[in-house]
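# Understanding the architecture of this molecule
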Amino acid sequence: MQAWIVLGAAGLLEIVWAIGLKYAQGFSKPVPSAVTIAAMVVSMWLLAQAARELPIGTAYAVWTGIGAVGAALFGIMLFQESANFVRIGCIALIVLGIAGLKLSTPA
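From a predicted model like this one, the values you see are computed outputs, not experimental measurements. Throughout this description, residue numbers start from 1 for each chain and increase along the sequence as written. Thresholds applied to this predicted model are a pLDDT of at least 70 for local features of residues and 80 or more for the giving and counting of side-chain atom pairs; totals over whole chains, interfaces and linings are not thresholded and use all residues. Hydrogens and water molecules were not included; the side-chain quantities draw on all heavy atoms of the structure.

## Re the overall build of the protein
Condition: Elements are defined by DSSP. Helices are runs of H or I of four residues or more, strands are runs of E of two residues or more, and each kind is numbered from the N terminus. Atoms counted for the radius of gyration: C-alpha only. Globule rule: 2.2 Å times residue count to the power 0.38. Per-residue accessibility, obtained with a 1.4 Å probe over protein chains only, is compared with the maximum for each type, and a residue is labelled buried under 20%, exposed over 50%, and partly exposed between these values. Whether two residues touch is decided by their heavy atoms; if any such pair falls within 4.5 Å, the residues are in contact. Accessible surface area values rest on a Shrake-Rupley calculation with a 1.4 Å probe, where residue burial reflects the displayed protein chains alone.
Along its length, the protein carries 4 helices and 0 strands. Seen in sequence order, the protein has helices and strands lined up from the N terminus as α-α-α-α. The C-alpha atoms of the protein give a radius of gyration of 15 Å, which matches the 13 Å a tight globule of 107 residues would have. The proportion of buried residues among the 107 residues of the protein is 32%. For the protein, the share of sequence-separated contacts (at least 6 apart) that also reach a separation of at least 24 residues comes to 65%. Surface accessibility of the protein: about 6,300 Å² in total, with carbon and sulfur atoms responsible for 76%.

## Here's the deal with the nonpolar core
Filter applied, for reference: To qualify as a nonpolar core, a set must consist of buried Ala, Val, Leu, Ile, Met, Phe, Trp, Tyr and Cys residues joined through side-chain atoms within 4.5 Å.
Ranked by size, the top nonpolar core spans 13 residues in total, and within it Leu7, Leu47 and Leu54 carry the most contacts. Elements supplying a minimum of two residues to this core: helix 1 (2–24), helix 2 (30–50) and helix 3 (56–79). The biggest single contributor to this core is helix 1, with 5 residues. Those residues in contact with leucine 7 that lie beyond four places of it in its chain are Leu47, Ala50, Leu54, Ala59, Val62, Trp63 and Ile66.

## Focus on the pattern of salt bridges
Which entries qualify depends on this criterion: Within this document, salt bridges are pairs made up of a side-chain nitrogen of Lys or Arg and a carboxyl oxygen of Asp or Glu, the two lying within 4 Å of each other.
In total, this model carries 1 salt bridge according to the counting rule given. The salt bridge partner of arginine 87 is glutamate 81, with a shortest N-O separation of 3.2 Å.

## Notes on the packing of aromatic side chains
The following threshold applies: Aromatic pairs are defined between Phe, Tyr and Trp rings, using the six-membered ring for Trp, whenever the two ring centres lie within 6.5 Å; interplanar angles under 30 degrees are classed as stacked, those over 60 as edge-to-face, and all others as tilted.
The tally for this structure, following the rule as stated, stands at 2 aromatic pairs. For the pair tyrosine 23 and phenylalanine 79, a centre-to-centre distance of 5.5 Å together with 55° between the ring planes defines the contact as tilted. Linking tyrosine 23 in helix 1 with phenylalanine 79 in helix 3, this pair joins segments that are 56 residues apart in sequence. The partly exposed category is assigned to tyrosine 23, whose relative accessible area is 42%. Aromatic pair tyrosine 60 and tryptophan 63: ring centres 5.6 Å apart, planes at 45°, arrangement tilted. With a gap of 3 residues between them, tyrosine 60 and tryptophan 63 both fall in helix 3, about one helical turn apart. Judged by its relative accessible area of 46%, tyrosine 60 is partly exposed. By relative accessible area, which is 4% here, tryptophan 63 ends up buried.

Put into structure tokens, the structure is as follows:
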């Protein structure tokens, strides 16, 4: 269970750095760039810690899935990205995939 919590934290930090990339504007803004790079490093480190107990394929897929869903949702909320039916449906499929991986993986 601990590994899943660590993996969840890694995924949340992946959202931070993905959104941070937009605010860093090609790493031309110092503060958003520093936050983005710090979130990248900590997120990757947490993923590595979770992968000590979880299968790497599962850990990586869940990590990227959390990041993808979070980045897409924050993109909709913060940057007025499209929220059409197909896009929301695809985000929901990613969430279902993450849940399926969690349910099918012991630990």
